[in-house]
Amino acid sequence: MASVEQLSLDLSTLGFVALCAAACFQWYRRRGRAQAMLAISLSLLALVSVLGRIQAVTGSSAQWIAAVTVVAFVGCAYFILLFRDSFVPMKPLTRWAARTMFVVAVAAGVAEVTVLAHAGTQVLMALSTVLVLVWALFIGEPVLRFWLASRELPSVQRQRMRTLSFGFAVLIAIVVVAVIGGTALRSPAVRIAIQLIALAMVPLIYVSVAPPALLRNIWRMGETNKLRAAMQDLLIFSPNPRVLAEQAVGWAMRMIGAHGGFIADAEGKVIASRNMSEAEIREVMTGRTEAGAAIITGPGGAASMIAPLRLAEGTGYIGLLAGRFTPLFGTDEVNQLEGYASSVAAGIERTRVTERMATIEKHKSQFLNLASHELRGPMTVIRGYGSMLQGGMLGELNERGVKAAGVMMAKITEMNAMIEQMIEAARLEDESLIIQPREADLRDIVSAAVERARLIIEDARALNLTLPSRRVPVNVDDERIQTIVTNLIDNAVKYSPDGGDVSCVVTLRGGLARVAVRDSGVGIAKADMNVLFTRFGRVSNPATNHLPGTGLGLYLGRQLARLHGGDITVDSTPGEGSTFTLHLPVAGEAFISQPDGSPARVAARSAQRG
């Protein structure tokens, strides 16, 4: 049993020495005040254990060894308090009181083992009580404060805090038991158990100082999904770079457990910051490097990190400042910040591209609005003179002049239609387009549209209209529905360069009214379908490049159809022709588009959006 007890003591001592070495190595790598205080504390704790083993092995009772042990014992606790002071500075009065208690405890302990070593039991017990109470207070206050603060930290830092707190709390318990245990501690089994418990605290305290990657991953598993969802929302849905940067700083602080943070662009201009002054940001920025994330000593000696953001115009930076309870920054935090910085940089670039696209779209809409209105006036004058010329009001025309006037009026009509499309598209963009629905018979609307189309069509190909025998009631703006049908017929003729019949069929089934316009023209490849209903979108191939058009007709038609609670769908085979179908709810019905583009009835009421 004695050999087992000696082995447990030796292992315990070796464990604390190894812990001291690990803490000193961490201080050597980081060189921060907090690292220094923790390294000194653990070094003094190892010294207490080593001196105790020296006394036990050599049988020495030298008073100087005992006195050094007492000083190291009290100093170990005092530097833990200073470790806490690195995160949460103590008030001047509290710091003065701590120093006073340190001096009193050291004096009491040294007196107990030197000049008063042979005093009465009560005196020795009083001195030991003072020593242990001060030691427990110095360690207990940081332990309790760290444990309470850990509740608001990210998972890895929370576990590091709690592990450190638990390890030192057990050491407090061991010391208290050693003082008040009395005869119970004479049992070798009890002493072995105490040494094994103390030895078990060594790896606990170590992982709080430098936890291995596997353990960090285990600790982090609980909040990984939450962080992933937040990152998705941050990077995909943030409306502009400034909003994204502000949110990114907040999440970086939460992820790392920092007190403050900032993001600067490639010119060094701060676009977002929290809890950091301009002077603090400048000090952290002095440690920037394009090589990767770096840990530096920030304002007031606090640990800081800074990582580059690879932006299109250059290198920006994201920086973090250690919080009051932030554990020492290490490789885990560095790797996290580097990966996070890459995502933030991609998000900022995405928002800038989105902003540029929005600006382009805005300018395009402004040009569309301006051009269409400016063209309308001159075209009205040209149309008036063309009508006068065609009607003979400006003199008799010969046969070639009459033919030329007819062609000119047809082109004027075509151009007016284009201008009207541009105006309608501009109104859609400005959200100023207003429809005036009323109940009507869709057969009448389509018949009028077909007649209008016949006037525009230059060739005499067949244009077949098929109407149901019963009324097709719809609640629509009939003028705009006529425009949609006329555009569909015009497209059917335009994209049938080799001729062929064009048919327009009205049907009513299942609460839906349909107007299908079929042609036997060039057809549309599946790869080109995605540009059909976009603004200014046109299918580009040798068979269609020469055909006139603005690329607004189908875009405008679908938007108008959707304003009526309907839609336009297309079915096409290259080389065989296309069928464009206008879907409208009958009066009292509405539908939405299915994922495959087909309509489905959803409610027995009219769906109107103005």
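How each quantity is defined
- Residues numbered from 1 in each chain as written.
- Predicted model: local features only at pLDDT ≥ 70, side-chain atom pairs only at ≥ 80, totals over all residues.
- Heavy atoms only, no water.
- Phe/Tyr/Trp six-rings, centres within 6.5 Å; stacked < 30°, edge-to-face > 60°.
- Helix = DSSP H or I, 4+ residues; strand = E, 2+ residues; numbered from the N terminus.
- Buried < 20%, exposed > 50% of the residue type's maximum accessible area, 1.4 Å probe, protein only.
- Lys NZ or Arg CZ within 6 Å of the ring centre and 35° of its normal.
- Pairing = 2+ DSSP bridges.
- Axes fitted to C-alpha atoms, helices over the stretch in contact; angles between N-to-C directions.
- Contact = heavy atoms within 4.5 Å.
- pLDDT = per-residue confidence, 0-100.
- Expected span 1.5 Å × (residues − 1).

A few words now on the packing of aromatic side chains. The tally for this structure, following the rule as stated, stands at six aromatic pairs. Pairing tyrosine 78 with phenylalanine 138 gives two aromatic rings, centres 5.7 Å apart and planes at 55°, and the pair type is tilted. With tyrosine 78 in helix H3 (residues 63-87) and phenylalanine 138 in helix H5 (residues 121-149), this residue pair connects regions lying 60 residues apart in the sequence. A relative accessible area of 11% means that tyrosine 78 is categorised as buried. Members of the aromatic cluster, joined through ring pairs, are Tyr78, Phe79, Phe102 and Phe138. Residue placement shows arginine 162 over the ring face of tryptophan 147; its charged tip is 5.2 Å from the ring centre. Directly above the ring of phenylalanine 533 sits arginine 558, whose terminal nitrogen or CZ lies 3.7 Å from the centroid.

With that settled, consider the sheet that holds strand S9 (residues 502-509). A sheet is described by the order of its strands in space; here five strands give the open sequence S7-S9-S10-S12-S11, paired in mixed fashion. Every other strand in the sheet has two partners, leaving strand S7 (463-466) and strand S11 (567-573) as the edge strands with one partner each. Pairs of neighbouring strands in the sheet enclose a mean axial angle of 15°, with direction left out of account. Relative to strand S12 (residues 577-585), S11 runs antiparallel, the two being bridged by seven bridges. Looking across to S12, one finds that threonine 569 is bridged to threonine 581. Against the sheet, helix H14 (residues 478-494) engages S7, S9, strand S10 (512-518), S11 and S12, with an angle of about 170° to S12. Lying over the sheet, helix H15 (residues 553-563) contacts S11 and S12, oriented at roughly 135° with respect to S11.

A word on the confidence of the model for the protein chain. Averaged over all residues, the pLDDT of the protein chain is 78; the fraction at 70 or higher stands at 82%. Ignoring residues within four places in sequence, the model shows residues 590-610, a span with pLDDT below 50, making 56 contacts including any to other chains.

Secondary-structure assignment places alanine 513 in strand S10. On a C-alpha basis, the gap between alanine 513 and valine 586 in space is 6.0 Å, while along the polypeptide they are 73 residues apart. Leave out the neighbours within four places in its chain, and alanine 513 touches Leu442, Val472, Val474, Thr507, Leu508, Leu582, His583, Leu584 and Val586.

Turning to helix H2 (residues 33-58), a few remarks are in order. Between its first and last C-alpha, H2 extends 37 Å over 26 residues, near the 38 Å set by a 1.5 Å rise per residue. Looking one or two places after H2, you find glycine 59, whose phi comes out positive at around 75°.

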